[in-house]
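Remarks on the overall topology
Chain by chain, the residues:
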Amino acid sequence: MRCDRCDNEATIQIHIIENGEDPQTINLCETCAQNMMFQNFSNEDNEEYQYFQDHLKKLVGVFFNEPQTRTESPDDQKKCSFCGSSFSDITKTGRFGCDHCYTEFYEQAKESLRMTQGATAHTGDVPEDFREIKQIQDEIQRKKEKLQELILLEDYETAAILRDEVKELCNALERGTQ
Amino acid sequence: MPKWLMHGETREEDVVVSSRVRLARNVKDHRFPNRAEEDEAFSVAEQIYGAMQDKEDHYRRFLVRDVDRIKRRVLMEQHLISPDLIKNRAVSEYYLRDDEQMTLMVNEEDHLRMQCLLPGMQLRESFLQVMEMEKKIEETVPFAWHMEFGYLTACPTNTGTGLRASVMVHLPALKYSQQLKGTFDSLGKVGLVVRGIYGEGSEALGDMFQISNQRTLGFTETEAIDKLEKITNSIIEQERNTRNALITHTPTMVLDGVFRSLGILRYARVISAKEALQHLSHVRVGICMELFPEADIRKLDDLMLHVQKYTMLAYKHDTKQKETEDEVRAQYIREYFNKEESYGKR
């Protein structure tokens, strides 16, 4: 596999998946990857590379290293109350410290999942204990969508019934998760 | 001979050597192995041990640190355990089923990695077996779970289903006719990834490639398996068509390739793993072409596993041979082909 920018052997392959479109693939050698992260490509005519550079910076920031341009945010000081990992520990190692990190660093976790997987919502198997809750959640989602349709159709009477059903399901969910 | 290769019927074995499905899981409210102190890792291992109690008849438990250094690498070469499990040997362990088709790795990158490895094209069977094991363990061990993200893993690339399905495919004709790049580029577009025979970052040897799903979020386990199966079927067809075209248009060249390789394997005195695998790949094509109607393709696949570095070193050690690894390998292969009458007389 050859680097897209020079003819050296490529060691880094990046797939960019955005908005469910077909992924784009970039092959880079180590030198070009480093150059692309930290140099400006204002003279570079190729728009594509600037786009790649932005993504590469983001990806590397989320996953491997602190990007040089990043400013300190209050979250950088925060540590997971369960395992003590900071988000900077997680980006350095590319590994979460425990299951609690995913809720304590919810936004960052979601972003890293979006960057690495192109999706954030699990649709697969659910553990036995959570199956009922998942069903209620899905039901609420379906009813909410239906509700929007009814409102557009100005069928307020049916909409009101559905709204009450949603409310009831939400209450049931709250009771279930307590 | 690795037992996993020998059990059960196989399908599409002219192209698909093996199918594997693995699930990654972590135990709720415990630090992941990269963050856990030894005590916590041991406590996780004990929980898994508890869940495995009623399966003791069919499974054996091994602590990685107690397994001989070379033996560990042999298990890795035979795809029974992973490099990360060896790296974490202070706290890692594994359970191996009698037929060696199912392995549970404990304290690898995640607390638990369950894998089912079957010969030939058996993705679905492999998936069913691994899911059954997962459900069994889940009865007593609560797994790390998030309503939105699914099963939580140390690396975000496994979060969601935690499922990685892969097939090991033998693609000599596509490689020879330089069609691999096109084929592999299109795999990237549908979220699949190609690797060498030892997984990530490894070199493709003996025209063997491992194709697996890249993503674990946004689709179900069954969708992931279906997709890999569908794409693999199309690769099988491409490879077969290309083999047929080469045999039709350049029969002498193909025959020359197969028999020249057989000759080298039969007579070489020094041979590296890489070279041996390349020639064995050619002989494998010969078996698929029915040039050696009596030859057993699974025995050849087994030989391909045996000629690898650590398996050979273990053999050299066991047989107390003084020669170099490459000499021992050449002798091992010579003996194999001299014993096997299915490849014709010398």
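Just so we're clear, the structure is a prediction, and the values are computed from it rather than from any experiment.

Each value, and the rule that gives it
Residues numbered from 1 in each chain as written. Chains lettered and ligands numbered in written order. Predicted model: local features only at pLDDT ≥ 70, side-chain atom pairs only at ≥ 80, totals over all residues. Pairing = 2+ DSSP bridges. Helix = DSSP H or I, 4+ residues; strand = E, 2+ residues; numbered from the N terminus. Axes fitted to C-alpha atoms, helices over the stretch in contact; angles between N-to-C directions. Domains from an automatic or database assignment. Contact = placed C-beta atoms within 7 Å. Nonpolar A, V, L, I, M, F, W, Y, C, P; charged D, E, K, R; others polar. Buried ≥ 20, exposed ≤ 12 C-beta atoms within 10 Å, placed from the backbone. Parallel < 35°, antiparallel > 145°, perpendicular 65-115°, else oblique. Expected span 1.5 Å × (residues − 1).

Quick look at the sheet that holds strand β8 (residues 163–170) of chain B
Two strands in a sheet stick together by hydrogen bonds in their backbones, pointing the same way (parallel) or opposite ways (antiparallel). All names here are of chain B. On the basis of which strands lie adjacent, the open sheet formed by 8 strands has the order β2-β3-β4-β5-β1-β8-β10-β9 and antiparallel pairing. Strands with a single pairing partner mark the edges of an open sheet, and in this sheet they are β2 (59–63) and β9 (192–195). Strand-to-strand, the axes of this sheet are offset by a mean angle of 20°, without reference to chain direction. As paired elements, strand β4 (residues 102–106) and strand β5 (residues 112–119) share 5 bridges and run antiparallel to each other.

Observations concerning the domain arrangement of chain B
All names here are of chain B. Looking at chain B, the domain boundaries give domain 1 (3–241) and domain 2 (251–343). The C-alpha-based centres of domain 1 and domain 2 are spaced at 27 Å. Between domain 1 and domain 2, the contact holds 17 residues from the first and 20 residues from the second. For the side of domain 1 that touches domain 2, the element with the highest residue contribution is helix α2 (residues 69–77), accounting for 5 residues. Its residues assigned to classes, the side of domain 1 that touches domain 2 shows 8 nonpolar, 3 polar and 6 charged.

Quick word on the interface of chain B and chain A
Where the parts come together, the accessible area they lose is often given as the size of the interface. With 34 residues of chain B in contact, the opposing surface of chain A contributes 29 residues. If you list the elements that add at least two residues to the side of chain B that touches chain A, you get β6 (145–146) and α6 (180–189) of chain B. Its residues assigned to classes, the side of chain B that touches chain A shows 12 nonpolar, 13 polar and 9 charged.

Points about the environment of threonine 123 of chain A
Position of threonine 123 of chain A among the secondary structure elements: in the loop between α5 (106–117) and α6 (131–152). By C-beta crowding, threonine 123 of chain A is classed as partly exposed, having 16 other C-beta atoms within 10 Å.

Looking at the domain arrangement of chain A
Taken domain by domain, chain A consists of domain 1 (12–63), domain 2 (74–117) and domain 3 (128–176). A straight line from the C-alpha centre of domain 2 of chain A to that of domain 3 of chain A covers 32 Å.

Topic: the packing of helix α9 (residues 273–288) of chain B against helix α10 (residues 297–306) of chain B
Residues and elements named next belong to chain B. Between α9 and α10, the shortest axis-to-axis distance is 10 Å and the interhelical angle comes to 175°. Comparing their axes, α10 and α9 come out roughly antiparallel. On the side of α9, the interface is formed by Leu277, Leu280, Val283, Arg284 and Ile287, while α10 contributes Ile297, Leu300, Leu303 and Met304. Its residues assigned to classes, the contact of α9 with α10 shows 8 nonpolar, no polar and 1 charged.

Section: helix α12 (residues 325–339) of chain B
All names here are of chain B. Helix length check: α12 (15 residues) gives 21 Å between terminal C-alpha atoms against 21 Å at 1.5 Å per residue, within 8%. Taken together, the buried positions of α12 are Val328, Arg329, Ala330, Tyr332 and Ile333. Contacts made by the buried residues of α12 are with α8 (251–267), α9 and α11 (309–318).

Concerning the pairing of strand β3 (residues 93–97) of chain B
Residues and elements named next belong to chain B. The buried fraction of β3 amounts to 4 of the 5 residues, a majority that puts the element mostly inside the structure. Sheet analysis places β2 next to β3, joined by 5 bridges and oriented antiparallel. Each bridged residue has a counterpart across the sheet, and for tyrosine 59 the counterpart in β3 is arginine 97. Where β3 meets β4, 4 bridges bridge the pair, whose relative direction is antiparallel. Paired with leucine 96 across the bridge in β4 is threonine 103.

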